[in-house]
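Listed below, chain by chain, are the residues.
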Amino acid sequence: MKGSNVIGAIVVAVVVLGAALYLTGAVGPPSVTVEDGGDWGAVSEDRMEVVTTLRVKNPNPVGISVDEGMRASYRVYLNDVRVARGEKTGLGVPRGSSLMRLSTDIENDRIPPWWVAFVRANETPTVRVDGRVRARAFGLSTSTRFPARRRTMLEDETPIVDSMSGAISKLEGAYTKEVTLGTGPASETVRVGYEVREARATWGRVNRSSTLVRFHLRLHNPSERVPVPAAPDGLAATIEMNDVPLVDVRGDAFGLESVDRDALIRPGGTREIVYVAVMDNDRVDDWFRRHVERGERSTVDVRASLRFEVPRTGDAIRVPRDGPVTDTCEFRTAMLVDDQEAGTTCSAPEA
């Protein structure tokens, strides 16, 4: 009987001690805070690693075994498109305060959907990293959602389309040539050609597989006598980012909006012609990887030229004569790069 009383007393004492230790914070499940919501890790053609660092405080006098341990899940969103997710289970935790690194990879097939959201958001990138940690120790458990990391950048900038507009706007000007109409005494000399009064670029429709780039040219026919084709078929344009070709279109490969290919601009008339280039979104993944490799920095290189035949002569005018017009600029983001300010040197031409 006495033995039973002793055992009972010991059990009660242990329970009371355990309760006291729990109430004073001496034992219990660990607490978790976010040390770094996300950094780029290893980047190669096959993977783009994202590393999240947590600080874990284990109040227990001993480490937590893998059998109990911790379970962490986390996600990375770009423009609200989930591009990475990971889960780690059975994480052993030493006593006291320690850092825990969680690693996952960007899912390459999620980059095209992100590009769609990025273009539709007027080139305003956003990033969000969030997750949850569940811990268990000594029969006690806790679940903590660590604070989401959110960033929005380049809110008033559109570097890519600005660079396209910067290049195509350099085609503006008057390009004419004198030709002789008729023969003999009744012949007359007139000037025929085009004036490019305005040139700019905009995004068109975008979906998972392709993006439309629209080049707007406001063309004027300065001739008093000779109509000219409304859509010269000699436009050419290339767009590269970090040396990755995204667009390379010329001639009949351009689509046309609001005008037929055989339409004319009457003498003294003016029309806006919209040339449409199709970009294959499968190339975006290569550019994005290089963007990350270069510390979230990109160089945009746009080239454009225009060639048209002079009516009645068969001659051609090239714009410009010594090669394509170009626009080269840079932009940087700060999605997962600490201590970097997003910005750009790209700018649209003044209206």
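Positions within a chain are numbered from 1, following the residues in the order the chain's sequence is written. Where local features are concerned, this predicted model is filtered to residues with pLDDT of at least 70; where side-chain atom pairs are given and counted, the filter is 80 or more; whole-chain, interface and lining totals use all residues. Note that water and hydrogens are dropped before the side-chain values are worked out from all heavy atoms of the structure.

A. Layout of helix α2 (residues 111-120). Burial within α2 is extensive, with nine of its ten residues counted as buried. Summary of the burial criterion: residues with accessible area below 20% of their type's maximum are buried, those above 50% are exposed, and those between are partly exposed, where the area comes from a 1.4 Å probe applied to protein chains only. Note on conventions: DSSP H or I runs of at least 4 residues are helices, E runs of at least 2 residues are strands, and numbering of each starts at the N terminus. Buried within α2 are the following residues: Ile-111, Pro-112, Pro-113, Trp-114, Trp-115, Val-116, Ala-117, Phe-118 and Val-119. One or two positions beyond α2, positive phi appears at Asn-122, with a value near 60°.

B. Spatial organisation of the pattern of salt bridges. For this analysis, a salt bridge means a side-chain nitrogen from Lys or Arg found within 4 Å of a carboxyl oxygen belonging to Asp or Glu. Within this structure, the stated rule accounts for 16 salt bridges. For Glu-257, the salt bridge is made with Arg-214, and the minimal N-O distance between the two is 2.6 Å. Taken together, the residues Glu-257 in strand β14 (residues 255-257) and Arg-214 in strand β10 (residues 210-220) connect sequence positions 43 residues apart. Here Arg-250 ties to Asp-248 by a salt bridge, and the two come within 3.1 Å at their closest N and O atoms.

C. Spatial organisation of the side chain of Glu-296. Looking at the secondary structure, you find Glu-296 in the loop between α4 (284-293) and β17 (297-309). Notably, Glu-296 is buried but unbridged: the nearest opposite-charge side chain belongs to Arg-151, and the N-O separation is 6.4 Å. At 2.8 Å, the side chain of Glu-296 and the backbone nitrogen of Leu-336 are in polar contact. Residue contacts are defined here by distance: any two heavy atoms, one from each residue, within 4.5 Å place the two residues in contact. Setting aside chain neighbours within four positions, we find Glu-296 in contact with Trp-40, His-291, Phe-331, Arg-332, Thr-333, Ala-334, Met-335, Leu-336, Val-337 and Gln-340. Residues scored as charged are limited to Lys and Arg (positive) and Asp and Glu (negative), so that His and the chain ends carry no count. In protein, a polar contact means a hydrogen-donor-capable atom and an acceptor-capable atom, both N or O and within 3.5 Å, with residues adjacent in sequence counting only if both atoms are side-chain atoms; elsewhere, any N or O pair within 3.5 Å suffices.

Remember, this is a structural readout, not a statement about activity or role.
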